[in-house]
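# Overview (structure and organization)
As a plain string of letters, each chain reads:
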Amino acid sequence: MNGINVLCGVGILSTPYAIKQGGWLGLVILVVFALLAWYTGVLLRRCLDSKEGLQTYPDIGHAAFGTTGRIAISIILYVELYACCIEYLILESDNLSKLFPNVHLSIGGLTINSHVFFAILTTLVVMPTTWLRDLTCLSYISAGGVVASILVVICLCWIGVVDHVGFENKGTALNLPGIPIAIGLYGYCYSGHGVFPNIYSSLKNRNQFPSILFTCIGFSTILFTAAAVMGYKMFGEATESQFTLNLPENLVVSKIAVWATVANPITKYALTITPLAMSLEELLPRSQQKYSNIILLRSALVVSTLIIALSVPFFALVMALIGSLFAMLVTYILPCACFLAILKAKATWYQTATCSFIIAVGVTCACVGTYSSLSGIVQNYAT
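Conventions adopted
- Residues numbered from 1 in each chain as written.
- Predicted model: local features only at pLDDT ≥ 70, side-chain atom pairs only at ≥ 80, totals over all residues.
- Heavy atoms only, no water.
- UniProt positions renumbered as here; feature names shortened; annotations may be inferred.
- Helix = DSSP H or I, 4+ residues; strand = E, 2+ residues; numbered from the N terminus.
- Rg over C-alpha atoms; globule rule 2.2 N^0.38 Å.
- Buried < 20%, exposed > 50% of the residue type's maximum accessible area, 1.4 Å probe, protein only.
- Contact = heavy atoms within 4.5 Å.
- Areas by Shrake-Rupley, 256 points an atom, 1.4 Å probe, with all protein chains shown as cover.
- Lys, Arg positive; Asp, Glu negative; His and termini not counted.
- Charge placed at Lys NZ, Arg CZ, Asp CG, Glu CD.
- Expected span 1.5 Å × (residues − 1).
- Bend = angle between axes of the 7 residues up to and from the residue.
- Polar contact = N/O pair within 3.5 Å; in protein donor to acceptor, adjacent residues only side chain to side chain.
- Phe/Tyr/Trp six-rings, centres within 6.5 Å; stacked < 30°, edge-to-face > 60°.
- Lys NZ or Arg CZ within 6 Å of the ring centre and 35° of its normal.
- Core = buried A, V, L, I, M, F, W, Y, C linked by side-chain atoms within 4.5 Å.
- Axes fitted to C-alpha atoms, helices over the stretch in contact; angles between N-to-C directions.
- Parallel < 35°, antiparallel > 145°, perpendicular 65-115°, else oblique.
- Left-handed = near helix turned anticlockwise from the far one by under 90°.
- Nonpolar A, V, L, I, M, F, W, Y, C, P; charged D, E, K, R; others polar.
- Salt bridge = Lys/Arg side-chain N within 4 Å of Asp/Glu carboxyl O.
- Disulfide = S-S within 2.5 Å.

The chain goes by Amino acid transporter transmembrane domain-containing protein in an unreviewed UniProt entry, where it is assigned to Aegilops tauschii subsp. strangulata. UniProt, in its Sequence similarities (unreviewed entry) section for the chain, records the words "Belongs to the amino acid/polyamine transporter 2 family. Amino acid/auxin permease (AAAP) (TC 2.A.18.5) subfamily." Turning to the chain, the UniProt record has this under Subcellular location (unreviewed entry): "Membrane".

## Notes on the overall build of the chain
On a plain count of helices and strands, the chain comes out with 14 helices and two strands. For a compact globule of 383 residues, the expected C-alpha radius of gyration is about 21 Å, and the chain comes in at 21 Å, within 12% of that figure. With the C-alpha coordinates of the chain rotated into their principal frame, the extents come out at 60 × 60 × 40 Å. For the chain, the proportion of its 383 residues judged to be buried stands at 54%. Counted over contacts in the chain with a minimum sequence separation of 6, partners at least 24 positions apart contribute 82%. Here the chain displays about 17,100 Å² of accessible surface, and carbon together with sulfur accounts for 68% of that area. Side-chain charges of the chain comprise 18 positive and 15 negative groups, with the mean position of each set lying 10 Å from the other.

## Regarding helix 13 (residues 315-343)
For helix 13, which comprises 29 residues, the first-to-last C-alpha distance of 39 Å matches the rise-based estimate of 42 Å (1.5 Å per residue) to within 8%. When the local axis directions of helix 13 are compared, the greatest deviation, roughly 50°, occurs at M328.

## Things to note about unusual backbone geometry
With a phi close to 60°, H164 is a non-glycine residue in the positive phi region. Tracing the backbone shows H164 in the loop between helix 7 (145-161) and helix 8 (179-188).

## As for the side chain of S324
Secondary-structure assignment places S324 in helix 13. Only 2.7 Å separates the side chain of S324 from the backbone oxygen of A320, close enough to count as a polar contact. Setting aside anything within four residues of it in sequence, one finds S324 in contact with P180, G184, C365, A366, G369, T370 and S373.

## What to know about the environment of R298
Structurally, R298 is set in helix 12 (residues 291-311). Here R298 falls in the buried class, since its relative accessible area comes to 6%. Sequence-distant contacts of R298, that is, excluding residues within four places in its chain, are made with T130, W131, L132, T274, A277, M278 and E281.

## What to know about the packing of aromatic side chains
Across all of its chains, the model carries 10 aromatic pairs by this definition. Look at F33 and Y332: their rings are 5.4 Å apart centre to centre, the planes differ by 35°, and that puts the pair in the tilted class. Of this pair, F33 sits in helix 3 (residues 27-50) while Y332 sits in helix 13, placing them 299 residues apart in sequence. Here F33 matches Y332 in class, with each residue buried. Taken together, the aromatic side chains of F100, F117, F118 and W259 make up a single cluster linked through ring pairs. The cationic tip of R206 hangs over the ring face of Y200; the distance from NZ or CZ to the ring centre is 5.2 Å.

## Remarks on the nonpolar core
Core analysis: the largest hydrophobic core is formed by 114 residues, its most contacted members being F33, Y186, Y190, Y269, M328, Y332 and F339. The greatest single-element share of this core, amounting to 20 residues, is contributed by helix 13. Residue contacts for Y332: discarding those within four places in its chain leaves F33, L36, A37, T40, Y190, A327 and I358. In terms of nonpolar packing, the next biggest core, distinct from the first, is built from five residues, L96, F118, V258 and V262 among them.

## Brief notes about helix 12
Here helix 12 spans 30 Å end to end across 21 residues, near enough to the 30 Å set by a 1.5 Å rise per residue. The secondary structure elements touched by the buried residues of helix 12 are helix 4 (57-99), helix 5 (114-126) and helix 11 (252-281).

## Points about the packing of helix 4 against helix 11
Put simply, helix 4 and helix 11 touch, their axes get as near as 9 Å, and they point 155° apart. Here helix 4 is positioned roughly antiparallel relative to helix 11, judged by the angle of their axes. Taken as a pair, helix 4 and helix 11 cross one another with a handedness that is left-handed. A class-by-class count of the residues in the contact of helix 4 with helix 11 yields 19 nonpolar, four polar and four charged.

## What to know about the pattern of salt bridges
A full pass over the atoms with the stated rule returns four salt bridges. One salt bridge connects R70 with D59, and the closest N-O pair in it is separated by 2.7 Å. Judged by relative accessible area, R70 falls into the partly exposed class, the value being 30%. The salt bridge involving R298 is made with E281; its shortest N-O contact spans 2.6 Å. In this pair, R298 is assigned in helix 12 and E281 in helix 11, connecting sequence segments 17 residues apart. For E281, a relative accessible area of 11% gives the class buried.

## Regarding the environment of E168
If you trace the backbone, E168 turns up in the loop between helix 7 and helix 8. Classification of E168 as exposed rests on a relative accessible area of 67%. Taking the C-alpha atoms as reference points, E168 and I60, 108 residues apart in sequence, are found 49 Å from one another.

## Thoughts on the state of the cysteines
Two cysteines, two sulfur atoms, one covalent bond between them: this is a disulfide. On inspection of all chains with the given rule, the structure shows zero disulfides. C157 forms no disulfide, and the closest cysteine sulfur to it belongs to C155, at a distance of 10 Å.

Below is the structure:
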């Protein structure tokens, strides 16, 4: 359940848009990423078993490349978590403004539209949750993210079948110019490797990890594919960056889907930002590590995500950037690099060749996808 909860996040909302960008054949990328994600997850397990005391991803980085490896991997993981929090605020702003498009706030001569208003409101709601020392209650609530993801897909299917929206759009087989963005969106779907070492370390029977990982990735891939195919068949070239923005506003099922989408990130925000906040707190002098200072630090961190979310309110492009850059590093490139560094003497020629191939694919996808995502953000600013 923890593994599926990590994978089945907001990425599922953009899978129909990914087909719009890359065409039907782009789904092959999703399947390939799923298989490679399972293989690199197993490699992480091999790394954890190579030495006593290894439990986390930074531990693997330290075993592979020393202190430099630990620091580099920690920074990459924390920046990825920070970027996900930005994505949560953009998601909340987009979906709540769809539910309440006429909401606005006037302060003097300044008028705040619905997008900005709901981004600020969401920030004010999640900020107190980041002050909590014990996040156990939020952990249980966020586990409902699996249920929420399944519910959203069921609602999409219901609208297409029962409410007769239909699945009439044929779409395009292949759209080469959009493939780089599709790579980033599909890559984001498998950005759970930062947590998998912790899940492995917590298992009572660790021999079951490969099958557990296969089940998590397989189930998630089925959900991703179902949402992608149904959403694109329903909305075609009109597909938005989140398929919830395409759902007919007059239907009760649409409102259920949107509210399920809105509720999920609110419970996950604090859990996502806390590891980064705790690492920053450790940099404070001992005399300054008071609860009041910790609240100020965490509040400033939350406000900074709001500022960036308002500055770069492009959900699909931000997701593609995270998927292209951080997911490629955390999910594909670094597991292979760490495996070769730690176990190269014991690795077979097949494992060495496979790791080298995955690293080459990951670097290529990262370069192409990151360039396209950044170019898209710049073009959106220009227009």
